[in-house]
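# Structural characterization, general
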Amino acid sequence: MDINEEKDILEEAGGTGYIEQVEIDHEMRSAYIDYSMSVIVSRALPDARDGLKPVQRRVLFGMDNMGLSYSGQTKKSARIVGEVMGKYHPHGDSSVYDAMVRLGQEWNQRYPLVKGQGNFGSVDGDSPAAMRYTEAKLQKMAEDVMGDMDKDTVNMDRNFDDTLDEPSVLPTKAPLLLLNGASGIAVGMATNMAPHNLGECCDAICAYIDNPEITTDELMQYIKGPDFPTGGIVMGKAGIKEAYETGRGRVVIRSKTEIEVDEHGRETIVVTEIPYMVNKREMIEKIAALADEKRVEGISYINDESSRGETRVVIRLKQGTNSGVVLNLLFKYSPLQSSFSFNNVALVKGRPRTLSLKEIIGQFVEFRHEVVVRRTKFELDKAQKRAHILEGLLKAMDIIDEIVHIIRYETKSIDEAKAMLMERYQFSEAQASAIVEMRLRQLVGLEREKLQNEFDDLMKFIERCNQILGSVEEQFKVVKEETMDLKERYGDPRRTEITLADDEFNPEDFYADEDQVITISHLGYIKRTPLTEFRTQNRGGVGMKGSATRDSSTSISPIRTAPCFCSPRRAVATG
């Protein structure tokens, strides 16, 4: 059947279209590419600028529009989900609610942006309560994430049905991609980024601004490594450095434990911190199974004594059991020791890229610079317009009698009054409108003083804005000031400890850095002697101390040796 016959059949059936024959492999390839790009760009990967996925960004934006500030009251989660889903994110209520809950879970987010009320789940893997039972509002830090939204700092896009505007990115002052990390599975790629400490990140950002050519080693002087919300101990720095240099790496996280001994000498292992993303309940079940299967012997009792905000898992051992041996076996076979694989994939200008630590910081600094410039331009324009109005009002108050006469006796409408003011006194249209709408109370002397003070303050502000816009150094100075202010308000101590792995200890670190003397005899014997001992004389001796050979009855004269004064790290003897 050719296309003409298909058209005739469709026309007879009342249809108006026709069937187009295409290659099935081409159509499937095209459809799958469209689907995969939609998942990559619009669902699974965070933006390198604000560190948020689209659903997270829409949740925060929707909550901000609802007025759910930190100082306000909470509202039902169901209402928040309906607001976000109906206006910005048409992908089902569960995806919106799950994203909002995760933003409020303290064991998942190093710096939560949502403050939940009710059951928001637990580190044991418990599911949150249904959205009709819980309530939420924004955390304090969310104000710095959403701030300056109304100052033309970011581009706005149309929502899914072209009825509302939503931000393409949030003008955050906090580097959320580093602070809270990210995890997501797209099509053909995934991301898994670790959380970090805010104070360390702020210091690294300032160091990058001062020196854009800074190296990874220099950045690691500020950012020691990931700082997980559940604490723990990171074993080794090699994986951290590899991840920071290449965007990919792996670190081992070990639980923090304490050994308690009772009056009978029996030892108890107490787990106070667990690895990131480890389900505490499953971890305890795994340890209990290892004990039942006799794979780890010596455990008599295990119990979870954790309370809200504090982890305490008690592993009581049998009398005479060595706690060190049991602990090492648990580290080997149970989730008491886990690993975290870095895969720093984020969207840069709409395209997925694997980013190093320096590139992540560079993208954020570039974004913050753009936000500061756009915000300053907006504030300058607004200040200039207001100063222009104030200038007209102050001028009008000097000739208020003439203006009242014009409005009352010489004109019959507001438009006519404005036109006469513009023609006779060279007021602008904006100034004339403000004068006509001026209230009588502004004629009081005190009101004039307020207007004059406001005008003077605006002129100083305009001068400052022009100073910022006229100097790139001033713009980056503003970025640094806001970054350090963020550190001062939200900075907290590091939770995760970082230690060297067994294979990362430098043998030279175990020896004192002191001068040595290397002596070589004619028979080929070499001896190293500390310089302090070499200069010590024996009773009745003369000159430097000699060196004994393999036969203690014979000594070698210092004249027959070749001493070399050096440190143990560069000890080279010359003959």
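Note: the structure precedes this text.
Let me sum up the structure you'll find in this document. (Residues numbered from 1 in each chain as written. Predicted model: local features only at pLDDT ≥ 70, side-chain atom pairs only at ≥ 80, totals over all residues. Heavy atoms only, no water.)

### Looking at unusual backbone geometry
The phi dihedral of Asp162 falls on the positive side, at around 60°, and the residue is not glycine. As for its position among the elements, Asp162 is in the loop between strand S4 (156-158) and strand S5 (165-167). You will see that Met277, though not glycine, has its phi angle at about 70°, which is positive. Checked against the element boundaries, Met277 lands in the loop between strand S11 (267-273) and helix H11 (280-292). Since its relative accessible area comes to 49%, Met277 is described here as partly exposed. (Helix = DSSP H or I, 4+ residues; strand = E, 2+ residues; numbered from the N terminus. Buried < 20%, exposed > 50% of the residue type's maximum accessible area, 1.4 Å probe, protein only.)

### What about the pattern of salt bridges?
The tally for this structure, following the rule as stated, stands at 37 salt bridges. Put simply, Arg110 and Asp492 hold a salt bridge, and the shortest N to O gap is 3.0 Å. Note that Arg110 is positioned in the loop between helix H5 (93-103) and strand S2 (114-117) and Asp492 in the loop between helix H18 (472-490) and strand S17 (497-499), a separation of 382 residues in sequence. Judged by its relative accessible area of 2%, Arg110 falls in the buried class. Here Glu379 makes a salt bridge to Lys151, at a shortest N to O gap of 2.9 Å. Linking Glu379 in helix H13 (residues 357-398) with Lys151 in the loop between helix H6 (142-146) and S4, this pair joins segments that are 228 residues apart in sequence. (Salt bridge = Lys/Arg side-chain N within 4 Å of Asp/Glu carboxyl O.)

### A few points about helix H10 (residues 238-246)
Those residues of H10 not exposed but buried are Gly239, Ile240, Ala243 and Tyr244. Down the axis of H10, the smallest arc covering the buried residues is 130°, so these residues share one side. Elements that come into contact with the buried residues of H10 comprise helix H9 (216-219), strand S8 (233-235), strand S9 (248-254), strand S14 (337-343), H13 and S17. Among the residues trailing H10, Gly247 stands out with phi positive, at a value near 90°. (Arc of directions from axis to C-beta. Contact = heavy atoms within 4.5 Å.)

### Some thoughts on a nonpolar patch on the surface
Judged by side-chain polarity, Ile33, Met37 and Val41 come together as a nonpolar surface patch covering roughly 230 Å² of accessible area. Assignment of secondary structure puts Met37 in helix H2 (residues 24-44). Taking the relative accessible area as the measure of exposure, Met37 reaches 39% and is therefore partly exposed. (Patch = residues over 30% accessible without salt bridge, like charges linked within 9 Å, V, L, I, M, F, W, Y side chains within 5 Å. Areas by Shrake-Rupley, 256 points an atom, 1.4 Å probe, with all protein chains shown as cover.)

These results come straight from atomic positions and should not be treated as a statement about function.
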